[in-house]
Amino acid sequence: MPNKAKATILIVDDENINLEILSAGLSEEHQIVRCSSALDVMPMAQNEQSDLILLDIGMPEMDGYQVCKALKKFDDTRHIPVVFSTAFDSTADEIKGFECGASDYITKPFNMRLVQHRVGNLVTLKRQTDLLEELANLDGLTHIPNRRHFDGAFDAEWRRAVRRKSVISVCMLDIDCFKQFNDHYGHAAGDKCLINIANELYVHIKRPGDVVARYGGEEFVLILPENSSADAELFAEYLRQKVVDLGIKHGYSTCAEVVTMSIGVASTKAGKNMKKEVLLKQADEQLYLAKSKGKNQVAAIDI
């Protein structure tokens, strides 16, 4: 398991001597992952969660330009800075690299002091960018992911499910009688209620691909990739009960003496003939059904 206190640098070169030189020069400050085949770059970049890629241009299976273009096509790798490692140092070569999406160049033979500084500067810049991106994707009140984060995550998980032809589930969650709670206990209490429920939902999201986000107001949304309809419904019921167990007093609710939540669940086997918006709409309709049946319950559909 990489040490995330250090940045993870993926070094790609088909010549072992270059791998050795770069690894030795960078391993004190960074976590190093080595790759000797251009064909392995994409899966390794994804699996190792690389912070930066040092990429040789002249490789036999694919050249570095082709690899860089491939990396920039996908959401989970396009943000990784690519630094080309090459013996070519003409202006035309540099321009071609930047047009492919590269962030910088290092030339052979390596000046390790220069390599260390360039890699260090790019890693610092990436981490600052990642932090700003993370803050932009957090809800200001509850500090869990927001609607913006959900939209991006849902798009990525849907496309992944389509490629794998796998099942994906979405849950829409809404606090029951929240207007009455705000009206009688005040907005400060309402904010505290939202924060407590958001935290309760967030701590029970265990799998890496699962996402919970504040959708707006008193509504939350949950993405459960590779989760069957039955499993998603069971998990939704588990979360509903966890909200009840918080025991937040609600003397003006029409369905309980404490704050409760209604949940709509929609599941499907993703395919090219269906749009992700249909799944979200179905989850919303199931939420409406749960509300109409008396609130504080789960309604689910498999489409």
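Computed from a predicted structure; not experimentally measured.

**Some points on the overall build of the protein**
Assigned secondary structure in the protein consists of 10 helices and 10 strands. At 24 Å, the protein has a C-alpha radius of gyration far larger than the 19 Å of a compact globule built from 303 residues. Taking all 303 residues of the protein together, 46% fall into the buried category. Look at the contacts in the protein between residues 6 or more apart in sequence, and 66% of them connect residues 24 or more apart. Roughly 15400 Å² of accessible area belongs to the protein as shown, and the carbon and sulfur atoms make up 52% of that amount. One finds the centroid of the 36 positive side-chain charges in the protein at a distance of 3 Å from the centroid of its 44 negative side-chain charges.

**Describing the packing of aromatic side chains**
The full count for this structure, using the stated rule, is nine aromatic pairs. Ring geometry for Phe 178 against Phe 181: centres 6.1 Å apart, planes inclined by 10 degrees, an arrangement best described as stacked. Separated by three residues within a single helix, Phe 178 and Phe 181 lie in helix α7 (residues 178-185), roughly one turn from each other. Here the two residues Phe 178 and Phe 181 agree in accessibility, since each one is buried. Centroid distance Phe 181 to Tyr 185: 4.8 Å. Interplanar angle 40 degrees. Geometry classified as tilted. Linking Phe 181 with Tyr 185, this pair stays in helix α7, spanning four residues, or about one helical turn. What links up through ring pairs into an aromatic cluster is the set Tyr 65, Phe 84, Phe 98 and Tyr 105.

**Comments concerning the nonpolar core**
In terms of nonpolar packing, the biggest core is built from 27 residues, with Leu 173, Ile 197, Phe 220, Leu 222 and Met 261 touching the most fellow members. At the level of secondary structure, the elements contributing two or more residues to this core comprise β6 (167-175), α7, α8 (187-203), β8 (219-225), α9 (229-245) and β9 (261-269). In contact with Ile 197, not counting residues within four places along its chain, are Ile 175, Phe 220, Val 243, Leu 246, Ile 248, Val 259 and Met 261. Core analysis: the next-biggest nonpolar cluster, separate from the first, contains 22 residues, Leu 10, Met 42, Ala 45 and Tyr 65 among them.

**Topic: a negative patch on the surface**
Together, Asp 14, Glu 15, Asp 40 and Glu 61 line one region of the surface with negative charge. Its location among the elements puts Asp 14 in the loop between β1 (8-12) and α1 (16-26). Residue Asp 14 is classed as partly exposed on the basis of its relative accessible area of 32%.

**What to know about the state of the cysteines**
Inspection of every chain in the model, using the stated rule, returns zero disulfides. With no disulfide of its own, Cys 35 has Cys 68 as its nearest cysteine by sulfur position, at a separation of 14 Å.

**What to know about the pattern of salt bridges**
Proximity of charged atoms lets side chains of opposite charge pair with each other. Tallied over the entire structure, the rule returns 21 salt bridges. A salt bridge links Arg 160 to Glu 157; the shortest N-O distance between them is 3.0 Å. Of this pair, Arg 160 and Glu 157 both sit in helix α6 (residues 147-164), three residues apart, roughly one helical turn. Owing to a relative accessible area of 13%, Glu 157 belongs among the buried residues under this scheme. A salt bridge links Arg 207 to Asp 210; its shortest N-O distance comes to 2.9 Å. On the basis of relative accessible area, Arg 207 is assigned to the partly exposed category, the value being 35%.

**Let's talk about the pairing of strand β2 (residues 31-35)**
Here five bridges tie β1 to β2, and the two strands are oriented parallel to one another. Bridge assignment links Val 12 to a residue of β2, and that residue is Cys 35. On the question of chirality, the crossover connecting β1 to the parallel β2 by way of α1 is right-handed.

**Some thoughts on the side chain of Ser 50**
Following the sequence through the fold, Ser 50 ends up in the loop between α2 (41-47) and β3 (52-56). In this view, Ser 50 contacts Thr 8, Leu 10, Met 44, Ala 45, Ile 80 and Lys 126; residues no more than four positions away in its chain are not counted.

Calculation criteria
- Residues numbered from 1 in each chain as written.
- Predicted model: local features only at pLDDT ≥ 70, side-chain atom pairs only at ≥ 80, totals over all residues.
- Heavy atoms only, no water.
- Helix = DSSP H or I, 4+ residues; strand = E, 2+ residues; numbered from the N terminus.
- Rg over C-alpha atoms; globule rule 2.2 N^0.38 Å.
- Buried < 20%, exposed > 50% of the residue type's maximum accessible area, 1.4 Å probe, protein only.
- Contact = heavy atoms within 4.5 Å.
- Areas by Shrake-Rupley, 256 points an atom, 1.4 Å probe, with all protein chains shown as cover.
- Lys, Arg positive; Asp, Glu negative; His and termini not counted.
- Charge placed at Lys NZ, Arg CZ, Asp CG, Glu CD.
- Phe/Tyr/Trp six-rings, centres within 6.5 Å; stacked < 30°, edge-to-face > 60°.
- Core = buried A, V, L, I, M, F, W, Y, C linked by side-chain atoms within 4.5 Å.
- Patch = residues over 30% accessible without salt bridge, like charges linked within 9 Å, V, L, I, M, F, W, Y side chains within 5 Å.
- Salt bridge = Lys/Arg side-chain N within 4 Å of Asp/Glu carboxyl O.
- Disulfide = S-S within 2.5 Å.
- Pairing = 2+ DSSP bridges.
- Right-handed = clockwise from strand over helix to strand, strands pointing away.

That is the geometry; function is a separate question.
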